[in-house]
Amino acid sequence: MEYVRLGGGFEVSRFGFGGCPLGGHGWGDTDDQKLKAAIHAAFDAGVTLFDTADVYGLGRSEAVLGEILQAHRQEVVFATKFGVRREGDTTLYDNSAAWIQSSVEGSLKRLRTDRIDLYQLHYWDKTTPLLDVVGCLQDLIRQGKIRAFGVTNLDPRTISAEPIDGLVSFSMEYNLIRQDRTAEIRAIEAKGLTFLSWGSLAQGALSGKYSAEAAFDPGDRRSRDAYSAFHGEGLARREQAVALLREIAPNYPGRTVAQLAVRWILDSHPDSVALVGMKSPEQVRDMNGAFDWSLSAEDLSRLSRLDRAPHEPAPIGSE
């Protein structure tokens, strides 16, 4: 396993266990025992960063991580998110001080911890001044309830323009078919912030296991047009990327398409973390093979020249 210092501070694994599937819905068939076994497998493989959000399964993902990892709390890093809430059947963004305070207390309880290592703004509501949100997070650090804070799904131009004192990380969707923000990401990294990519496999599209004709049940979020790697022009870009991955795979005996796709992120951004959603111990073991080696300069360049899609707003909970 590879490790990096988060924003120059504490160390985390470069394989971030994505906890969205632990929410228990929206990702096709899931098996509770396999989900829990995946957490154990990740810990055994040296993964220390476990990323989740209070909205994943409305707290279920946090609760499962808290239950399974309680015995290893001092050896793992909990990263969770706030800023999204449900009101009936409606999903809202809420960055108010009252909601932040309520959210952190709920996450602490579900994660069975007295301090969250990395507390992240999930989505900015664009109503609450960003510096007010930062002020609340700085207060939580002083109270000892969080260790550090980051932002996700925030426009890179906003991150570059706002003086966000104490920010250690930023996260956005990034993968072989969503390379359009590479330059912006590198500019923010140059400020000393750690980049956490989510959607590293484009919700499984870059694993190579789905054909162009693959269909998903209505209960699987990938059936929706918003998940562009499975529809229309996005599907065509995915097929182009997977074809190139398969073409270069013989250069790396024993490596899978998914491993190559994630390795591209790690090599393109040497101090980054790749977040990957996990549903089974087999997926963990496969993804563990993306670490402790590198792509050749030629293959890295070829993959970096794939067509870049314009960035679109991320669907809630798509990590």
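To be clear, the structure that these remarks concern was listed above.
Computed from a predicted model, the values in this text were never measured in an experiment.

Calculation rules
- Residues numbered from 1 in each chain as written.
- Predicted model: local features only at pLDDT ≥ 70, side-chain atom pairs only at ≥ 80, totals over all residues.
- Heavy atoms only, no water.
- Helix = DSSP H or I, 4+ residues; strand = E, 2+ residues; numbered from the N terminus.
- Buried < 20%, exposed > 50% of the residue type's maximum accessible area, 1.4 Å probe, protein only.
- Pairing = 2+ DSSP bridges.
- Right-handed = clockwise from strand over helix to strand, strands pointing away.
- Phe/Tyr/Trp six-rings, centres within 6.5 Å; stacked < 30°, edge-to-face > 60°.
- Lys NZ or Arg CZ within 6 Å of the ring centre and 35° of its normal.
- Axes fitted to C-alpha atoms, helices over the stretch in contact; angles between N-to-C directions.
- Contact = heavy atoms within 4.5 Å.

Trainee: Would you take a moment to explain unusual backbone geometry for this structure?
Mentor: As a rule of thumb, non-glycine residues mostly have phi less than zero, and peptide bonds are mostly trans rather than cis. You will see that R112, though not glycine, has its phi angle at about 55°, which is positive. Among the secondary structure elements, R112 is positioned in the loop between α3 (97-111) and β8 (116-121). Even without being a glycine, D292 presents a positive backbone phi close to 70°. Within the element layout of this structure, D292 appears in the loop between α9 (281-288) and α10 (297-304).

Trainee: Could you clarify how one ought to interpret the pairing of β8 in this entry?
Mentor: For a regular strand, the rule is simple: side chains alternate between the two faces of the sheet. Along β8, six of the six residues are buried, which leaves the element largely enclosed by surrounding structure. By the bridge criterion, five bridges tie β8 to strand β9 (residues 146-152) in an arrangement that is parallel. Bridge pairing in β9 links Y119 to F149. Regarding the hand of the β-α-β motif, the stretch spanning β8, helix α4 (residues 130-142) and β9 is right-handed.

Trainee: Even after reading the chapter, I still don't get the packing of aromatic side chains, so can you show me in this structure?
Mentor: Each pair of aromatic rings is reported with the distance of its centres and the angle of its planes. Across all of its chains, the model carries eight aromatic pairs by this definition. Ring geometry for Y174 versus W264: centroids 5.3 Å apart, planes at 25°, classification stacked. Of the two residues, Y174 is situated in the loop between β10 (167-173) and α6 (182-189) and W264 in helix α8 (residues 257-268); the sequence distance between them amounts to 90 residues. Take Y174 and W264: they sit in the same class, and that class is buried. Ring-pair connections join several aromatic residues into one group, and the members of that group are F170, Y174, F195 and W264. The ring of F10 carries R147 above its face, with NZ or CZ at 3.9 Å from the centroid. Directly above the ring of W293 sits R263, whose terminal nitrogen or CZ lies 5.9 Å from the centroid.

Trainee: Looking at this structure, how should I read the sheet that holds β10?
Mentor: Pairing between sheet strands relies on hydrogen bonds along the backbone, with the strands arranged either parallel or antiparallel. The eight strands lie next to each other as β3-β4-β5-β8-β9-β10-β11-β12, forming a closed barrel whose pairing is parallel. Pairs of neighbouring strands in the sheet enclose a mean axial angle of 30°, with direction left out of account. With four bridges connecting them, strand β5 (residues 77-82) and β8 associate as parallel partners. Bridge assignment links F82 to a residue of β8, and that residue is L121. Packed on one face of the sheet, α3 meets β5, β8 and β9 and runs near 140° to β8. Across the sheet, α9 touches β3 (15-18) and β12 (273-277), and the angle it forms with β3 is around 160°.

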